[in-house]
Amino acid sequence: MPLSGFKFGKKKLKEEERYLQANNRDFNLEFEYANNSIKTSKYNFFTFLPLNLFEQFQRIANAYFLFLLILQLIPQVSSLSWFTTVVPLVLVLAVSGVKDAIDDFNRHKSDNHVNNRPVQVLINGRLKDDKWMNIQVGDIIKLENNNFVTADLLLLSSSEPHSLTYIETAELDGETNLKVKQALTVTAELGENLQKLTDFNGEVKCEAPNNKLDKFTGTLTLRGEKFALDNEKMLLRGCTIRNTEWCFGLVIYAGPDTKLMQNCGKTTFKRTSIDRLMNVLVLVIFAFLALMCFILAIGNGIWEHDKGYYFQVYLPWAVGVNSAAYSGFLMFWSYVIILNTVVPISLYVSVEIIRLGNSFYIDWDRKMYYPLNDTPAQARTTTLNEELGQIKYIFSDKTGTLTQNIMAFNKCSINGKSYGDVYDMAGQRTEITEHTEKVDFSYNRLADPKFVFYDHSLVEAVKLDDAATHGFFRLLSLCHTVMPEEKKEGNLVYQAQSPDEGALVTAARNFGFVFRARTPETITVVEMGETKVYELLAILDFNNVRKRMSVIVRSPEGDLTLYCKGADTIVYELLDSSCGSLKEETMEHLNEFAGEGLRTLVVAYKNLQEDYFQEWHKRHHEASTALDGREEKLSELYEEIEKDLMLLGATAIEDKLQDGVPQTIETLTKAHIKIWVLTGDKQETAVNIGYSCNMLHDDMEDVFIIEGNTSEEVLDELRTARKKMNPDSFLDSDDIIKFENPSTKSRILPEEQANGVYGLVINGHSLAYALEGNLELELVRTACLCKVVICCRVTPLQKAQVVELVKKYKKAVTLAIGDGANDVSMIKTAHIGVGISGQEGMQAVLSSDFSFAQFRYLQRLLLVHGRWSYIRMCKFLRYFFYKNFAFTLVHFWYGFFSGFSAQTVYDQWFITLYNLVYTSLPVLGMSLFDQDVDDRWSMQFPHLYEPGQQNLYFNKIEFVKCVLHGIYSSLILFFIPYGAMYDTVRSDGKAIADYQSFALMAQTCLLIVVSVQIGLDTAYWTAVNQFFIWGSLSVYFAIIFTMYSDGMYLIFTASFPFIGTARNTLSQPNVWLVIFLSIILCVLPVVGGRFLKSQLMPTISDKVLRKIRAAKKQPPPPLPKTRLRRTSTRRSGYAFSHQHGFGALIMSGRNMRPKLPFTTTGMFSPNSEKNKHK
Amino acid sequence: MKNKNSQGAQECPSRCPDNSAFKQQKLPAWKPKLAAPTVLSSFFTIGLFCLLMGICLILYINYSDICLNCSKLRENSSNWDKECNCTVHFTLQENMLGNVFMYYRLQNFYQNHRRYVLSRSDAQLLGQDVNVSIQNSSCEPFTTYPNGTPVAPCGAIANSMFNDSIQLFYYLNSSTAIEVPLLKSGNSWWSDKNVKFRNPTSYNLSSAFAGTTRPPYWQKPAYLLDEEDERNNGYINDDFIIWMRVSAFPTFRNLYRRLSHTNQFADGLPAGNYTFHITYNFPVTKFKGQKQVVLSTITWSGGSNLFLGIAYTVSGAVIVLAGFIITAIHLKLRKKKTYFQR
């Protein structure tokens, strides 16, 4: 077998078609299909070192240092000892290497965890427990309820009738509702019979592994007969088996070939804008370095020509050097070595450490921990932190992100009376708070304990046997497509297709109309404690055009009734003329509900005549079996019967927002972050949510709605909108059109200002036009003028396109937040992707950069963590470039006084240790602990976020300032000691102007100056900062006194020639005078400059800081809580899922079991109970 | 997923982060602010301190005026063997009281050139095995003679050692001159003399240097640098040690002799006529250098350099001035601000 495998292995380049035989491992092994073990790790124990080193040297900085190292090995050029480069390089490589190793170790661990999950596999006629990784293509495995699907399987048989299997695909596509898969009849016969299964030798021919989740084609050949296979028979890895006791499956794709793994794709490597800027700056610094070296090389040429030539009496030219020019050439490289510290190798490592530290703070933040489902916030990518402080656009999903995706029956209007509000003694409507008394449903044994209602009068009405109220709830309990599940007596669980329906049925249940069970022909309802079985005659299912659904039932008493619920606009057309006044009253209530952002439905009924119905029913049967035009015929029939309805009332369902969403959005808006909602939901719902979470409000000048059906219409609508918002901008549109030709790939659009606050709502199909070539610019310009943009009915791909569009035309940092698999593309596209964890599936979280449980944590993530990270990173970079320029340029000045001989100013050990030991910890301390204002104030004043968006703290100008500051400091640091030491002696007449003393003095000056500078930059002195700063200085003095001691010299004579310099020099008072003067001259101008700047040209943060200092006395007031009540009327979304209903499935009875444990239906299975308890 | 979550929850009861000040970023901290009082007071204090310091420094440096330009001593001789003497007369107008130091001063001599600085063998100077220590040094081309004899001490620094000898005579009257007593040892750092430089060990110094030769430019071998004083000979000769401590800049002065306070020189050098007797050995014309002899007294702050004093005075003045300007701006703005508030 291995032999044949080897034979095929060479040829197997690309799989064209998959061919396999069940239960025949030997046969299948010949094709070398991947087995079910997955590998996401990169290295193993032996390959780690070479591979990792290879990768690391691909980074420019590391390669540069390798180049330096090689330069240093050339004796003519070497101006520094090799250790000055090797020590930092090794350290940097080691730190990165350890980090990579830990990452890879974790990947190994998670791989192992997944690979070692147990599964039952059928081998030689017996079920054997095995690990996931040992599963081969062609194996038959048994899965039980709540198991994860092991690999991509062909469903063979299951415990359920018609071999149906229910799966949850949350991990795959984010949808939590159950999906049904059904096996082929021919395989369903196999059942649980192990012998039959073992004998099963079907051959499967199918397409090669691919990443299309919704498509599968193949054929099964069994006993010479061919059967077509499609996606309906596949169980994909990543799904979970639900409500199914057991099922058997044949492994088609395993491990890396599964659709889940194929879909993982390569995660795009995200970089922050500071990263990109840093790369540019490093190149600029290279150029600067080359320029300096060039100047010094020229200087050396001139010097050697003028002076060095004659000085050869005492110092002959080096071997091989025969002209001043050649000497200059060599000196160029020598200076490259000496001045290399302007490109600091430790920069990249330090940046990584800072980001890692700031990521940990996110993980650790208790204020972003959600106790209800025990989910802390998580920074899944540790390299993007500072970008969080620069967000300009947020793209948010709606369902599950802004809303909880929980529908709550909130209010209703029955027969002209509105229920749901709470009134106090004086008859005033009061706010519902936690202390409001809830309605007690304990009288109802079957009530759902989670259901909450506050208005007691409705219960009273039910108890008083009010006919309309009873009719209302009877309708709610009958007219739906919900499936009940009763695992234990009295413990009802509803499987609803849309959460709205579930809410309505649950409401009816609690008010005493318990929908208990259904068969294809009957619905069992417990009405006020009395079990009634209704005969279900027809379901007139929902679709997008009808916007309503009806059922026709026969009551136990024999009455025929049609119950209908649907969108108000539609149902009102169908009402009987007799309910005129009720219509108006109900309409008033509807407006009121809609005004509060509730989703409304109108319910109505109609009593039917027996003979009319029989005739209709016959026609209905004919129509539903018609071969052509079935849909039209059916809907005609529906129209016919659904008229002259009697109005019962209206329901209002609250699409519950997540906690704190309106406040969060308000805060983020104040921080000048633009929020775009991208949702797959209907326009009505989306707009409604827009209002209820404070994005759209009535103070807005206008809300434009783009719903054109052709590209001309869309263009027209967009232009009209823009004309209104900013009439001036329209004039230059011709100009804009010009650069739309593809030659100019992308152009950053300038910021435009609108003359007011506007909102934009755009529909999915219009968006499709707007995203096409020449319209995208119009879209961006118009949309960016608006404060709020809502895109509805968008596909996952469009979500990504919208994000891409803004990324392309706006120089802005984008963030996408979502919870479902349909948000994955957008999360991956945006600069930063945030996943809401703990709601729908895990896919959004898995592809996100940050995750947390609640939308409201976003403001903390951005305004606190993001802002701090950004400020810290910018401060760090500014300081880092400053300290290295100040450090390195002193060599440059010294060149003019040492014959351009590449003589260093400092001791070589100092050069080695400066970046790594003496100055690394203080700046790290600052970048990990610094905060200009604490978290409460950053939330209180969202304006503080703006400098980050405008990239004010670190940009090219700031960089130039740092460089100039560094140059100034280096001038002081060189010329003050120079002037003071020039031609001078000590107070006892001995030497002090010698090279070693000067070096010591210059380096001491430098180190103290940069330490004072970091002290000046640190706004938040924790004990750690104190320890790092003072500690670094002490370590410096400890190290020089050790290195310059007698003992070190006698042991390592060649390495430490500075013996005695420390004690001889640092004991001199004038040395300390020089140091003091250098510090003053370096630092005081900075102090004065900063002070004056904050006085004369205060930035936003200066102003806020001043305000804060003024208000410091009293603690900040809590965020104002605004109760949202809109007065305007707006047609709200109707409460239906937009999918086609389950109606057909129910009527066919395919999903019902013949034998039922308690009542008539329910997916009871003892195994599932067992699993729950495991 | 739910299943997994619940299992996870059982294993560790809560994934709630610790409530430590560190993790919640609530470490107690001192938050210094650049407020007006601190900034202004620091400007004024520091400025005044600098002014004061500068004035002190300037007052303390009194005189170190005796400087002889030895341009006369220039010679276009390339003959190393030829001994050449010259004398320079000068008159001291006032007494030089206290310690008086005699320096030689070189200009345009690039002792700080990188290759020059490296051209020495510390191991050799520490008295270690000549052959071994020379191998690892960068003394080229002054390591060995063509015939293989190692140079002691090796390297460009040692080879170029200043080797003029200078004597000072004081005219008691117009005809009788007495030599001013000068000390030639105790002029170098203690650590250099006792740790960094050691003679090779042997029964006597000349045998210790056996098998080596003098550097090419030297007139006599290292063990004859000071024949009078055993403790000032060979590598631990003060003149040699001082020369080996290379200067940071191309213009520098090295201590040559100190005044021995005896007889009429107990308080320093009295005013009167003096003569330098200089044996000219060290050529400087070749590299367009200059050499000078300097007699100087010393203050507590070191040598005869006005720079620090002036720098302090100027900085102090500028800082105080800046302090005033900032105060003015600050006051003006504050007035405006209060106006705005109303």
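Values in this document were obtained by computation on a predicted structure and should not be read as measured data.

S.K.: Can you walk me through the overall build of chain B in this structure?
M.R.: The helix and strand tally for chain B stands at 10 helices and 12 strands. Put simply, chain B has 342 residues, and 49% of those count as buried. Excluding contacts between residues fewer than 6 apart, the proportion of contacts in chain B whose partners are at least 24 apart in sequence is 79%. Put simply, chain B shows about 17000 Å² of open surface, and 55% of that area lies on carbon and sulfur atoms.

S.K.: Sorry if this is basic, but what is going on with the overall build of chain A here?
M.R.: Within chain A one finds 42 helices and 36 strands. A total of 1174 residues make up chain A; the buried ones form 59% of that total. Partitioning the intrachain contacts of chain A with sequence separation of at least 6 by distance along the chain shows that 75% fall at a separation of at least 24.

S.K.: Is there a simple way to explain a nonpolar patch on the surface in this structure?
M.R.: All names here are of chain A. On the surface, Val87, Leu91, Val95 and Ile353 cluster together into a nonpolar patch covering about 270 Å² of accessible area. At 3 residues, helix α5 (residues 83-115) tops the list of elements feeding residues into the nonpolar patch. Among the secondary structure elements, Leu91 is positioned in helix α5. Looking at Leu91, the relative accessible area reads 43%, which means it is partly exposed.

S.K.: I'm lost on the packing of aromatic side chains in this one. Help?
M.R.: The description of an aromatic ring pair uses the distance of the two centres, along with the angle that the planes make with each other. In the structure shown here, the tally under the stated rule is 111 aromatic pairs over all chains. Where Tyr978(A) meets Tyr982(A), the ring centres are 5.6 Å apart and the plane angle is 55°; that geometry is what we call tilted. You can call Tyr978(A) buried: its relative accessible area is 17%. According to the relative accessible area criterion, Tyr982(A) is partly exposed, its value standing at 28%. Each residue in the set Phe311(A), Tyr314(A), Tyr104(B), Phe109(B), Tyr116(B), Phe162(B), Tyr217(B), Trp243(B), Phe252(B), Tyr256(B), Phe282(B) and Phe287(B) is aromatic and connected to the rest through ring pairs, giving one cluster. For the cation-ring pair, Lys883(A) lies above Phe880(A), with the distance from its terminal atom to the ring centre recorded as 4.4 Å. Across the ring face of Tyr256(B), the terminal group of Arg257(B) is positioned such that the distance to the ring centre comes to 4.1 Å.

S.K.: What am I meant to see in the sheet that holds strand β12 (residues 240-242) of chain A here?
M.R.: Residues and elements named next belong to chain A. Taken in spatial order, the 3 strands line up as β7-β6-β12 in an open sheet, and their pairing is antiparallel. Every other strand in the sheet has two partners, leaving β7 (179-182) and β12 as the edge strands with one partner each. Across the sheet, the axes of successive neighbouring strands diverge by a mean angle of 45°, strand direction being ignored. Sheet topology places strand β6 (residues 164-168) next to β7; 4 bridges connect them, and they run antiparallel. Bridge pairing in β7 links Thr165 to Lys181.

S.K.: Quick question: what am I supposed to make of helix α15 (residues 499-510) of chain A here?
M.R.: Since the α-helix turns once every 3.6 residues, residues separated by three or four places project in the same direction. Residue and element names in this part refer to chain A. Compared with an ideal rise of 1.5 Å per residue, which puts 12 residues at 16 Å, α15 spans 16 Å between its outermost C-alpha atoms and is within 8% of the ideal. Extensive coverage of α15 is indicated by the burial of 11 of its 12 residues. When we look at burial in α15, the residues that qualify are Asp500, Glu501, Gly502, Ala503, Leu504, Val505, Thr506, Ala507, Ala508, Arg509 and Asn510. Positioned one or two residues after α15, Gly512 has a phi angle of 105°, which is positive.

S.K.: Is there a simple way to explain the UniProt feature "domain: P-type ATPase N-terminal" (unreviewed entry) in chain A in this structure?
M.R.: The feature "domain: P-type ATPase N-terminal" (unreviewed entry), as annotated in UniProt, sits at residues 21-86 of chain A in this numbering. Secondary structure within residues 21-86 of chain A divides into 47% helix and 2% strand; the distance between the first and last C-alpha atoms comes to 59 Å.

S.K.: How should I be thinking about the nonpolar core in this particular structure?
M.R.: A general feature of soluble globular proteins is that nonpolar side chains tend to end up buried together. If you look at the biggest cluster of nonpolar residues, it comprises 192 residues, and the most contacted ones within it are Leu877(A), Phe109(B), Phe240(B), Trp243(B), Leu269(B) and Phe276(B). No other element matches helix α29 (residues 857-895) of chain A, which puts 18 residues into this core. Setting aside chain neighbours within four positions, we find Phe240(B) in contact with Leu125(B), Pro153(B), Ala158(B), Met161(B), Phe197(B), Trp218(B), Leu225(B), Gly234(B) and Tyr235(B).

S.K.: Got a minute to help me understand the sheet that holds strand β7 (residues 177-179) of chain B in this structure?
M.R.: Within a sheet, neighbouring strands are paired by backbone hydrogen bonds and run either parallel or antiparallel to one another. All names here are of chain B. Read across the open sheet, the 4 strands follow the order β3-β11-β6-β7; overall the sheet is antiparallel. What marks the edges here is a single partner per strand, and that holds for β3 (85-92) and β7. Across the sheet, the mean angle separating the axes of adjacent strands is 30° when strand polarity is ignored. Relative to strand β11 (residues 272-279), β3 is paired through 8 bridges, and the arrangement is antiparallel.

S.K.: Could you clarify how one ought to interpret the pattern of salt bridges in this entry?
M.R.: Where side chains of opposite charge bring their charged atoms close, a pairing between them can arise. Applying the stated criterion across every chain yields a total of 51 salt bridges over all chains. The partner of Lys875(A) in a salt bridge is Asp930(A), with the nearest N and O atoms 2.5 Å apart. One end of the pair, Lys875(A), is in helix α29; the other, Asp930(A), is in the loop between α31 (920-929) and α32 (935-940), and 55 residues separate them in sequence. On the basis of relative accessible area, Asp930(A) is assigned to the buried category, the value being 3%. We note a salt bridge from Arg257(B) to Asp239(B), for which the minimum N-O separation is 3.2 Å. Placement of the pair is Arg257(B) in strand β9 (residues 252-259) and Asp239(B) in helix α9 (residues 238-244), with a sequence separation of 18 residues.

S.K.: Would you mind going over the pairing of β9(B) with me for this structure?
M.R.: A regular strand places its side chains on the two faces of the sheet in alternate fashion. All names here are of chain B. Among the 8 residues of β9, 7 are classified as buried, and the element is accordingly described as predominantly covered. Inspection of the sheet shows strand β5 (residues 101-107) paired to β9 by 6 bridges, in the antiparallel sense. Looking across to β9, one finds that Tyr103 is bridged to Leu255. Of the pairings in the sheet, the one linking strand β8 (residues 182-183) to β9 comprises 2 bridges and is antiparallel in character. In the sheet register, Leu183 faces β9, and the bridge partner there is Arg258.

S.K.: How should I be thinking about the UniProt feature "domain: P-type ATPase C-terminal" (unreviewed entry) in chain A in this particular structure?
M.R.: UniProt's feature table lists "domain: P-type ATPase C-terminal" (unreviewed entry) at residues 845-1099 of chain A, given in the numbering used throughout. For residues 845-1099 of chain A, the helix share is 71%, the strand share is 2%, and the end-to-end C-alpha distance is 37 Å.

S.K.: Would you take a moment to explain the state of the cysteines for this structure?
M.R.: What is meant by a disulfide is a covalent connection between two cysteines, made through their sulfur atoms. Inspection of every chain in the model, using the stated rule, returns 1 disulfide over all chains. Across a sulfur-sulfur distance of 2.0 Å, Cys139(B) and Cys154(B) are joined as a disulfide pair. Residue Cys139(B) is found in the loop between α5 (130-135) and α6 (156-159), and its partner Cys154(B) is found in the loop between α5 and α6; the two are separated by 15 residues along the sequence. Here the two residues Cys139(B) and Cys154(B) agree in accessibility, since each one is buried. With no disulfide partner, Cys874(A) has as its closest neighbouring cysteine sulfur the one in Cys962(A), 10 Å distant. Its relative accessible area of 1% is what places Cys874(A) among the buried residues.

S.K.: Is there a simple way to explain the packing of helix α30 (residues 908-918) of chain A against helix α35 (residues 995-1017) of chain A in this structure?
M.R.: In a packed pair of helices, the relevant descriptors are the angle between the two axes and the axis-to-axis distance. Residue and element names in this part refer to chain A. At their nearest, the axes of α30 and α35 sit 12 Å apart, and the two run at 15° to each other. Classified by the angle between their axes, α30 and α35 sit roughly parallel to one another. Here α30 and α35 pass one another in a crossing that is right-handed. When α30 is examined against α35, the residues Phe910, Tyr914 and Tyr918 are found in contact with a partner set consisting of Gln1003, Leu1006, Leu1007 and Val1010. Looking at the contact of α30 with α35, its residues break down into 6 nonpolar, 1 polar and no charged.

S.K.: Could you clarify how one ought to interpret the environment of Leu913(A) in this entry?
M.R.: Residues and elements named next belong to chain A. Structurally, Leu913 is set in helix α30. Spatially, the C-alpha atom of Leu913 lies 8.4 Å from that of Pro88, the residues being 825 residues apart in sequence. Setting aside chain neighbours within four positions, we find Leu913 in contact with Tyr918 and Ile1039.

S.K.: Just checking my understanding: could you explain unusual backbone geometry for this structure?
M.R.: All names here are of chain B. Cis geometry marks the peptide bond from Ala152 to Pro153; its omega dihedral reads -10°. Here Pro153 is to be found in the loop between α5 and α6. Even without glycine at this site, Gln25 takes up a positive phi of about 55°. Relative to the helices and strands, Gln25 is located in the loop between α1 (2-11) and β1 (29-30). Phi is positive for Asn263, close to 45°, though the residue is something other than glycine. Topologically, Asn263 is positioned in the loop between β9 and β10 (268-269). Here Asn263 falls in the exposed class, since its relative accessible area comes to 67%.

Cut-offs used in this document
Residues numbered from 1 in each chain as written. Chains lettered and ligands numbered in written order. Predicted model: local features only at pLDDT ≥ 70, side-chain atom pairs only at ≥ 80, totals over all residues. Heavy atoms only, no water. Helix = DSSP H or I, 4+ residues; strand = E, 2+ residues; numbered from the N terminus. Buried < 20%, exposed > 50% of the residue type's maximum accessible area, 1.4 Å probe, protein only. Contact = heavy atoms within 4.5 Å. Areas by Shrake-Rupley, 256 points an atom, 1.4 Å probe, with all protein chains shown as cover. Patch = residues over 30% accessible without salt bridge, like charges linked within 9 Å, V, L, I, M, F, W, Y side chains within 5 Å. Salt bridge = Lys/Arg side-chain N within 4 Å of Asp/Glu carboxyl O. Phe/Tyr/Trp six-rings, centres within 6.5 Å; stacked < 30°, edge-to-face > 60°. Lys NZ or Arg CZ within 6 Å of the ring centre and 35° of its normal. Pairing = 2+ DSSP bridges. Axes fitted to C-alpha atoms, helices over the stretch in contact; angles between N-to-C directions. Expected span 1.5 Å × (residues − 1). UniProt positions renumbered as here; feature names shortened; annotations may be inferred. Core = buried A, V, L, I, M, F, W, Y, C linked by side-chain atoms within 4.5 Å. Disulfide = S-S within 2.5 Å. Parallel < 35°, antiparallel > 145°, perpendicular 65-115°, else oblique. Left-handed = near helix turned anticlockwise from the far one by under 90°. Nonpolar A, V, L, I, M, F, W, Y, C, P; charged D, E, K, R; others polar.

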